[in-house]
Amino acid sequence: MKLIIATIKPFKLEEVREALTAIGVRGMMVTEIKGFGSQSGHTEIYRGAEYAVNFVPKVKLEIVVPAAMADQVVSTIASTAKTDKIGDGKVFVLDVESALRVRTGETNDDAL
């Protein structure tokens, strides 16, 4: 099993969710986050004064899938979330040692 952690622009969330559902992803966790990468934030003008915005709003997706499906999930996220502008996000893939569905006691792939 693989844990896929992706950070994307918030307005791309629904489009990414639909694309992942279409390829068979059955669940994900979504968290609103703030962060910065190579863009290092930006400046905004509010009531005539300029302010530095050091953290940019993002959405973090956490998805656990069978290992055989991981490459397809990563490529789907990458192609759907891409805007060709700075700050499109990142995708990380980690190994998952075990999983447990609390309600039924199912483990590993059956728990997904």
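Further up the page is the structure itself.
It should be emphasised that the depicted structure is a prediction, and the values quoted were computed from it without experimental measurement.

Trainee: Could you clarify how one ought to interpret the overall build of the chain in this entry?
Mentor: A tally of helices and strands in the chain yields two helices and six strands. Listing every helix and strand of the chain by position from the N terminus yields β-α-β-β-β-β-α-β. For the chain, the C-alpha radius of gyration of 17 Å lies well beyond 13 Å, the compact-globule estimate for 112 residues. With the C-alpha coordinates aligned to their principal axes, the bounding extent of the chain is approximately 60 × 25 × 20 Å. Within the chain, the fraction of its 112 residues that count as buried is 30%.

Trainee: How should I be thinking about the sheet that holds strand S2 (residues 29-35) in this particular structure?
Mentor: The pairing of strands in a sheet comes from backbone hydrogen bonds and takes either a parallel or an antiparallel form. Read across the sheet, four strands follow the order S2-S5-S1-S6 without closing on themselves; strand pairing throughout is antiparallel. Each end of this open sheet is capped by a strand with a single partner; those strands are S2 and strand S6 (89-95). On average, each strand axis in the sheet is inclined to that of its neighbour by 20°, with strand direction left out of account. The strands that helix H1 (residues 13-22) touches are strand S1 (2-8), S2 and strand S5 (56-65); relative to S5, the one it contacts most, it runs at about 10°.

Trainee: Sorry, what's going on with the nonpolar core here?
Mentor: Soluble, globular proteins show a tendency: their nonpolar side chains are buried together. Core analysis: the largest hydrophobic core is formed by 15 residues, its most contacted members being Ile-63, Val-65, Val-73 and Ile-77. Elements represented by at least two residues in this core include exactly S1, H1, S5 and helix H2 (70-81). Formed by six residues, the second largest nonpolar core is a distinct cluster that contains Leu-3, Ile-5, Val-96 and Ala-111.

Trainee: I tried to follow unusual backbone geometry on my own but got confused; where do I start?
Mentor: Trans peptide bonds make up the majority, and among non-glycine residues the majority have a negative phi. Positive phi, normally seen in glycine, also occurs at Asp-84, with a value near 65°. Classification of Asp-84 as exposed rests on a relative accessible area of 65%. At Asn-108, a residue that is not glycine, the phi angle is positive and equals roughly 50°. Its place among the elements puts Asn-108 in the segment after S6. A relative accessible area of 32% places Asn-108 in the partly exposed class.

Trainee: Quick question: what am I supposed to make of the pattern of salt bridges here?
Mentor: Think of it this way: side chains of opposite charge can pair up when their charged atoms draw near. Following the criterion strictly, the structure yields six salt bridges and no others. In this structure, Lys-9 and Asp-88 form a salt bridge, with 3.6 Å as the shortest nitrogen-oxygen distance. In this pair, Lys-9 is assigned in the loop between S1 and H1 and Asp-88 in the loop between H2 and S6, connecting sequence segments 79 residues apart. For the pair formed by Lys-9 and Asp-88, the shared burial category is buried.

Rules and cut-offs
Residues numbered from 1 in each chain as written. Predicted model: local features only at pLDDT ≥ 70, side-chain atom pairs only at ≥ 80, totals over all residues. Heavy atoms only, no water. Helix = DSSP H or I, 4+ residues; strand = E, 2+ residues; numbered from the N terminus. Rg over C-alpha atoms; globule rule 2.2 N^0.38 Å. Buried < 20%, exposed > 50% of the residue type's maximum accessible area, 1.4 Å probe, protein only. Pairing = 2+ DSSP bridges. Axes fitted to C-alpha atoms, helices over the stretch in contact; angles between N-to-C directions. Contact = heavy atoms within 4.5 Å. Core = buried A, V, L, I, M, F, W, Y, C linked by side-chain atoms within 4.5 Å. Salt bridge = Lys/Arg side-chain N within 4 Å of Asp/Glu carboxyl O.

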